[in-house]
Amino acid sequence: MNNQKQQKPTLSGQRFKTRKRDEKERFDPTQFQDCIIQGLTETGTDLEAVAKFLDASGAKLDYRRYAETLFDILVAGGMLAPGGTLADDMMRTDVCVFAAQEDLETMQAFAQLLLFLKGFSESERNKLAMLTGILLANGTLNASILNSLYNENLVKEGVSAAFAVKLFKSWINEKDINAVASSLRRVNMDNRLMELFPANKQSVEHFMKYFTEAGLKELSEYVRNQQTIGARKELQKELQEQMSRGDPFKDIILYVKEEMKKNNISEQTVIGIIWSSVMSTVEWNKKEELVAEQAIKHLKQYSPLLAAFTTQGQSELTLLLKIQEYCYDNIHFMKAFQKIVVLFYKAEVLSEEPILKWYKDAHLAKGKSVFLEQMKKFVEWLKNAEEESGSDSEEGD
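Since we're looking at a predicted model, the values are computed, not measured.

K.L.:
Just to check I follow, could you spell out the overall build of the protein for this structure?
P.N.:
A tally of regular secondary structure across the protein gives 17 helices and 2 strands. For the protein, with 397 residues in total, the buried portion stands at 41%. Taking contacts inside the protein between residues at least 6 apart in sequence as the whole, the part at least 24 apart equals 65%. Of the roughly 24,500 Å² of accessible surface on the protein, 48% is carried by carbon and sulfur atoms.

Here it is as structure tokens:
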């Protein structure tokens, strides 16, 4: 009997592939932690460099899957063991809240890292946004923390706008829109809210629709007003530059009308801007007896420009009030008021009805007695001319 163990038959000359299985990547928070801590060790304690590292690593590491681990690292320095303690055998970083300096500025800087990481779920972000709004309302956080919302990827994915909705609802609920606006102005963010959306959606119309539908009509109105204020400032700046260059009035008028249409600016607002721009383009003589002559010569030159934007009675009245205010605030112009009004009447910038209305009950309190006395004879002449015109009309009938 052959006691030698018989070998099993083998197949040769043919290769077999194993069946492909749906294999999921293994969940390994320890490896994720090692990658993050190694990167934080290289960046050091410069939180700006830390932010750049985290932003760049987001493309390679799954922040959403390891959100809890990431939070542990940035708060405590490493993964927490059951019971909330740091395991002795785990790596640890000093780039974390617990190892940071105990002052408000440092905590605000860390808050910027923690609040807006894409790894959090929508529910977690909503809670975080609401908490942030409350902390902003009670002054624990500075509004500059909102700079983190302008991260390009967060804006592109719609995370920033959604987060802002919850945050502002919470903030305005604790305070009011005026307090929120004041905080935003202090950190120069009152004109940046539209940047919460991608470039192709950065319009007042889109912002108002999005936030109004989300129940934040007050914020929508505030942004619209801010945009209008910004457009007015830009218009005045460009106007002054065009005047300084001596651009033709037809070009200036065309530019202003386009801006009015684009930014929904009324003629009453525009005439005030033009008046201010015209009066700021010259250095006035300080002698009262000479300034009136200088003003008439200067304003006569700009009459066609002013006339293009006094096509409505309310615009004419607005201009009269601007002239009154300017002459009162600049004492050398006190005696020039009547001369300016008469000039504009003759140049068809102003007409009878708005002048008479101003004289009767629409004037300002500033310099009232002085200016009404100056205008007395001219107003009487206008009334007589109006009566004569009416009589001629009746005779003609």
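K.L.:
Teacher, can you tell me more about the nonpolar core here?
P.N.:
Grouped together as the largest cluster of nonpolar side chains are 55 residues, with contacts concentrated most on Val 256, Phe 309, Phe 333, Phe 344 and Ile 355. For this core, the secondary-structure elements that each account for two or more residues are helix H10 (217–245), helix H11 (249–263), helix H12 (267–279), helix H13 (288–307), helix H14 (313–329), helix H15 (337–346), helix H16 (352–362) and helix H17 (368–396). Listed in part, the 39 residues of the second largest apolar core include Ala 111, Ala 161, Val 204 and Leu 219.

K.L.:
Would you mind going over H15 with me for this structure?
P.N.:
The α-helix winds at 3.6 residues per turn, so residues separated by three or four positions along the chain end up facing the same way. Across the 10 residues that make up H15, a large majority, 7, are buried. Looking only at H15, the buried set comprises Phe 337, Ile 340, Val 341, Val 342, Leu 343, Phe 344 and Tyr 345. Glu 348 lies just past H15 and shows a positive phi near 60°.

K.L.:
What is the right way to read the environment of Glu 259 from this model?
P.N.:
Topologically, Glu 259 is positioned in helix H11. Between the C-alpha atom of Glu 259 and that of Val 270, which follows or precedes it by 11 residues, the distance is 9.7 Å. Sequence-distant contacts of Glu 259, that is, excluding residues within four places in its chain, are made with Leu 235, Asn 264 and Ile 265.

K.L.:
So what exactly am I meant to see when it comes to the packing of aromatic side chains here?
P.N.:
Any pair of aromatic rings gets described here by the distance separating the centres and the angle formed by the planes. Under the definition given, this model contains 17 aromatic pairs. Note on Phe 197 and Phe 211: the rings are 6.1 Å apart at their centroids and 85° apart in plane angle, and the pair reads as edge-to-face. You can see Phe 197 sitting in the loop between helix H8 (177–186) and helix H9 (204–213) and its partner Phe 211 sitting in helix H9, a full 14 residues away along the chain. Among the residues examined, Phe 211 registers a relative accessible area of 0% and is labelled buried. With a centroid separation of 5.3 Å and 65° between ring planes, the pair formed by Tyr 210 and Phe 211 is classed as edge-to-face.

K.L.:
Explain unusual backbone geometry to me, please; I cannot follow it from the model alone.
P.N.:
Backbone phi values are negative for most residues with the exception of glycine, while trans is the configuration of most peptide bonds. A positive phi angle, near 55°, is found at Asn 188, a position not held by glycine. Looking at where Asn 188 falls in the secondary structure, it is placed in the loop between H8 and H9. A residue is classified by how much of its surface remains accessible, and Asn 188, at 63% relative accessible area, is exposed. Despite not being glycine, Asn 264 shows a phi value in the positive range, around 55°. Assignment of secondary structure puts Asn 264 in the loop between H11 and H12.

K.L.:
Please clarify how the environment of Ser 266 should be interpreted in this entry.
P.N.:
Checked against the element boundaries, Ser 266 lands in the loop between H11 and H12. Residues Ser 266 and Phe 309, spaced 43 residues apart in sequence, show a C-alpha to C-alpha distance of 9.8 Å. Within the local environment of Ser 266, its side chain forms a polar contact with the side chain of Thr 269, the two groups lying 3.0 Å apart.

K.L.:
What is the right way to read the pattern of salt bridges from this model?
P.N.:
Working definition: two side chains of opposite charge can pair if their charged atoms are close together. Applying the stated rule across the entire model yields 10 salt bridges. Residues Arg 224 and Glu 221 are paired through a salt bridge, measuring 2.5 Å at the closest nitrogen-oxygen approach. With a gap of 3 residues between them, Arg 224 and Glu 221 both fall in helix H10, about one helical turn apart. By relative accessible area, which is 37% here, Arg 224 ends up partly exposed.

K.L.:
Honestly, the side chain of Gln 324 in this entry has me stumped. Any pointers?
P.N.:
You can see Gln 324 is positioned in helix H14. In this structure Gln 324 comes out as buried when scored by relative accessible area, which is 0%. Each residue touching Gln 324, except ones within four places of it in the same chain, is listed here: Phe 337, Trp 358, His 363, Leu 364, Ala 365, Lys 366, Lys 368 and Phe 371.

K.L.:
I'm lost on the packing of H9 against H10 in this one. Help?
P.N.:
Geometry of a packed helix pair, given as the angle between the helix axes and the separation of the axes. Two numbers describe how H9 lies on H10: the axes approach to 8 Å, and their chain directions differ by 165°. Put simply, H9 runs roughly antiparallel to H10. Handedness of the crossing formed by H9 with H10: right-handed. Note on element contacts: H10 touches H9 through Lys 217, Leu 219, Ser 220, Glu 221, Val 223, Arg 224 and Gln 227, opposite Val 204, Phe 207, Met 208, Phe 211 and Thr 212. Partitioning the contact of H9 with H10 into residue classes produces 6 nonpolar, 3 polar and 3 charged.

K.L.:
Would you explain the confidence of the model for the protein in this entry?
P.N.:
Across the protein, the average pLDDT comes to 84, with 86% of residues at 70 or higher. Note on residues 1–23: pLDDT is under 50 here. Beyond four places in sequence and across chains, it has 1 contact.

K.L.:
I keep staring at H9 and nothing clicks. Help me out?
P.N.:
Every buried residue of H9 is accounted for by Val 204, Phe 207, Met 208 and Phe 211. Within H9, the buried residues cover an arc of 95° as seen down the axis, which keeps them to one side. Exposed and facing more than 90 degrees away from the buried side of H9 are Glu 205, Lys 209 and Glu 213. Those residues of H9 that are buried lie in contact with helix H7 (159–174) and H10.

K.L.:
What am I meant to see in the packing of H12 against H14 here?
P.N.:
Two numbers describe how H12 lies on H14: the axes approach to 9 Å, and their chain directions differ by 35°. Seen along the crossing, H12 lies across H14 with a hand that is right-handed. In contact with Glu 267, Gln 268, Ile 271, Gly 272, Trp 275 and Met 279 of H12, H14 contributes Gln 314, Ser 315, Thr 318, Leu 319, Lys 322, Ile 323 and Tyr 326. Partitioning the contact of H12 with H14 into residue classes produces 6 nonpolar, 5 polar and 2 charged.

Quick notes on the rules
Throughout this document, residue positions are counted from 1 along each chain, in the order its sequence is written. Local features in a predicted model are, by the rule used here, given only for residues with pLDDT of at least 70; side-chain atom pairs are given and counted only at 80 or more, and totals for whole chains, interfaces and linings are based on all residues. With hydrogens and water excluded, all non-hydrogen atoms of the structure serve as input to the side-chain values. Note on conventions: DSSP H or I runs of at least 4 residues are helices, E runs of at least 2 residues are strands, and numbering of each starts at the N terminus. Residue burial is assigned from relative accessible area. The probe radius is 1.4 Å, only protein chains are included, and a residue is buried under 20% of its type maximum, exposed over 50%, and partly exposed in between. The contact rule is simple, with two residues in contact once any of their heavy atoms fall within 4.5 Å. Using a 1.4 Å probe, accessible areas were evaluated by the Shrake-Rupley method; residue-level cover was limited to the displayed protein chains. Residues enter a nonpolar core if they are buried and are Ala, Val, Leu, Ile, Met, Phe, Trp, Tyr or Cys, with the set joined through side-chain atoms within 4.5 Å. Two rings belonging to Phe, Tyr or Trp (six-membered ring only in the last case) form a pair when the distance between their centres is within 6.5 Å. Interplanar angles under 30 degrees mark stacking, angles over 60 mark edge-to-face geometry, and anything in between is tilted. Throughout this description, a polar contact denotes any pair of N or O atoms lying within 3.5 Å of each other; where both atoms belong to protein, one of them has to be capable of donating a hydrogen while the other can accept it, and for residues adjacent in sequence the pair is counted only when both atoms sit in side chains. For this analysis, a salt bridge means a side-chain nitrogen from Lys or Arg found within 4 Å of a carboxyl oxygen belonging to Asp or Glu. Where helices are involved, their axes are fitted lines through C-alpha atoms of the stretch in contact, as for all axes, and angles between N-to-C directions lie from 0 to 180°. Note on angle classes: values under 35 degrees are labelled roughly parallel, values over 145 roughly antiparallel, values of 65 to 115 roughly perpendicular, and the remainder oblique. Put simply, a crossing is left-handed when the front helix is turned counterclockwise from the back one by less than a right angle, and right-handed when it is turned clockwise. Under the scheme applied, nonpolar residues are Ala, Val, Leu, Ile, Met, Phe, Trp, Tyr, Cys and Pro; charged residues are Asp, Glu, Lys and Arg; polar residues are all the others, including Gly. pLDDT measures how confident the predictor is about each residue, on a scale from 0 to 100. Working note: the arc is built from the helix axis to C-beta atom directions.

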